[in-house]
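Here are the chains, one letter per residue:
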Amino acid sequence: MINFTVGPVQSEDCVREIGAQQVPYFRTPEFSKVMLENERLMKKFAKAKENARVAFITGSGTASMEATVMNLLDERDKAIVINGGSFGQRFKEICDIHNINHSQIKLETGKKLTKDMLEPFENKGYTAFIVNVHETSTGVHYDMDLISDFCSRNGVFLIVDAISSFLADEFKMAEWGVDVMITGSQKALACPPGVSVIVLSSKAVNRLDSYNSGCMYLDLKSALKNGERGQTPFTPAVGTLLQINARLKSIDNAGGVEKETEKIAALAQDFREKIKDMPFEIVSESLSNAVTPLHPLNASAYEIFTILKDEYGIWVCPNGGALADEIFRVGHIGALTSKDNDALISALKNMEKRGLI
Ligand SMILES: *Cc1c(COP(=O)(O)O)cnc(C)c1O
């Protein structure tokens with residue numbers, strides 16, 4: 001199998017080897033040391049300030065999206081939610097469930113966020129801005145300079161879901177004034193699913209004091225308090241956290257986050273070159289390195305996904321709902337090489353020859 005989905009993705013050997021080991025007991029100095037190192041490397045790769053903090057949540061990315069809203073927003077707030085697809089919609093629904101007053105900016109499929117769209121929201125008393133920097137469902141990567149300018153001008157608390165973008169695209173948490181950055185274990189971190197990570201600026205850490213999470217399991221004050229000694233309030237996904245540690249160290253030893261981002265960018269570039277003359281249209285106005293969203297000109301996207309899986313042993317990422325027949329996505333994250341790209345291109349060419357696309 002070759003896995004080109006957007007997560008879970010393929011893991012490198014040092015991560016897989018840990019998966020074959022027994023899971024150790026974790027209330028130990030040894031595990032605390034691993035967790036403190038995880039925190040240090042996460043801050044380094046997110047380009048956060050030294051006084052930022054990191055919470056490791058056992059739960060997929062959505063748990064951290066919801067934890068962020070629950071711990072850092074309440075009835076005093078008025079949020080702007082960028083809704084460009086299913087992950088933006090998820091933030092909107094989280095705000096609905098937790099009664100957070102909000103306005104959404106709804107984008108058409110594939111469209112980027114522009115200055116004009118933000119204009120009506122200037123000086124209107126908004127307190128928070130919530131965005132998925134890479135809307136993975138449609139493959140649109142938003143302009144963080146634009147968002148950062150708006151937020152600093154309006155003194156708005158900035159929450160960024162970078163779940164599928166972290167490591168794949170440049171991310172400058174401190175420089176952009178991002179208050180919360182969220183990511184997950186199964187995207188470019190290329191570990192098994194089950195852990196998500198919240199990096200909080202010092203402003204976000206201080207803000208926790210004047211909010212009540214209303215929740216025990218996802219309480220960030222408690223997560224950070226325990227994190228001071230490299231621990232978590234409850235039993236975490238210990239094995240996955242050890243795998244994250246191996247992966248973060250592997251990236252660090254191979255030249256750091258820039259090198260990793262370059263590698264993913266080169267893989268995306270290579271694929272986009274090779275697909276050029278084929279009957280597909282790239283649907284996003286502004287691409288992340290993580291994913292190429294493709295609209296097949298002559299076939300159903302979902303059928304292409306099924307045939308690739310069943311007849312070629314290659315997994316691309318289908319879309320759900322209204323876009324199921326319109327778009328499928330090819331991921332460039334995880335342990336993939338340009339040889340893997342060649343295998344996918346050759347399978348698609350073969351399908352073309354068979355009159356299937
Ligand atoms: C994958 C992803 C998530 C998290 O989804 P989970 O299934 O909860 O891990 C959230 N936001 C974005 C942008 C994603 O790509």
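Preceding this paragraph is the structure being described.
1. Overview of the sheet that holds strand β10 (residues 195-200)
Pairing between sheet strands relies on hydrogen bonds along the backbone, with the strands arranged either parallel or antiparallel. Spatial ordering of the open sheet is given by β2-β10-β9-β8-β5-β3-β4, a layout of seven strands whose pairing is mixed. Because the sheet does not close on itself, it has two edges, and the strands there are β2 (53-58) and β4 (101-106). This sheet shows a mean twist of 15° between the axes of neighbouring strands, independent of strand direction. Of the pairings in the sheet, the one linking strand β3 (residues 78-83) to strand β5 (residues 128-132) comprises three bridges and is parallel in character. Residue Ala-79 lies in a different strand from β5, and its bridge partner there is Ala-128. Across the face of the sheet, helix α3 (residues 61-72) comes into contact with β2, β5, β8 (157-161), β9 (180-184) and β10 while running at roughly 35° to β10.

2. What about the site of the ligand?
Around the ligand, a shell composed of 13 residues is seen, among which Ser-60, Thr-62, Thr-136, Asp-161 and Lys-187 lie nearest. Within the contact set of the ligand, an oxygen atom lies 2.5 Å away from a side-chain nitrogen or oxygen of Thr-62. Within the side chain of Asp-161, a nitrogen or oxygen atom sits 2.6 Å from a nitrogen atom of the ligand. Relative to its unbound accessible surface of 380 Å², the ligand loses 88% to contact with the protein.

3. Some points on the pattern of salt bridges
With the rule as written, the count across this model stands at 24 salt bridges. Among the ionic pairs, Lys-249 bridges to Glu-37, the shortest N-O distance being 3.7 Å. Of this pair, Lys-249 sits in helix α9 (residues 238-253) while Glu-37 sits in helix α2 (residues 29-46), and the two are 212 residues apart along the sequence. With a closest N to O distance of 2.6 Å, Lys-274 and Asp-342 form a salt bridge. Taken together, the residues span a long stretch of sequence, with Lys-274 in helix α10 (residues 257-274) and Asp-342 in helix α12 (residues 338-353) at a distance of 68 residues.

The rules behind these values
- Residues numbered from 1 in each chain as written.
- Predicted model: local features only at pLDDT ≥ 70, side-chain atom pairs only at ≥ 80, totals over all residues.
- Heavy atoms only, no water.
- Pairing = 2+ DSSP bridges.
- Helix = DSSP H or I, 4+ residues; strand = E, 2+ residues; numbered from the N terminus.
- Axes fitted to C-alpha atoms, helices over the stretch in contact; angles between N-to-C directions.
- Contact = heavy atoms within 4.5 Å.
- Near = heavy atom within 4 Å.
- Polar contact = N/O pair within 3.5 Å; in protein donor to acceptor, adjacent residues only side chain to side chain.
- Areas by Shrake-Rupley, 256 points an atom, 1.4 Å probe, with all protein chains shown as cover.
- Salt bridge = Lys/Arg side-chain N within 4 Å of Asp/Glu carboxyl O.

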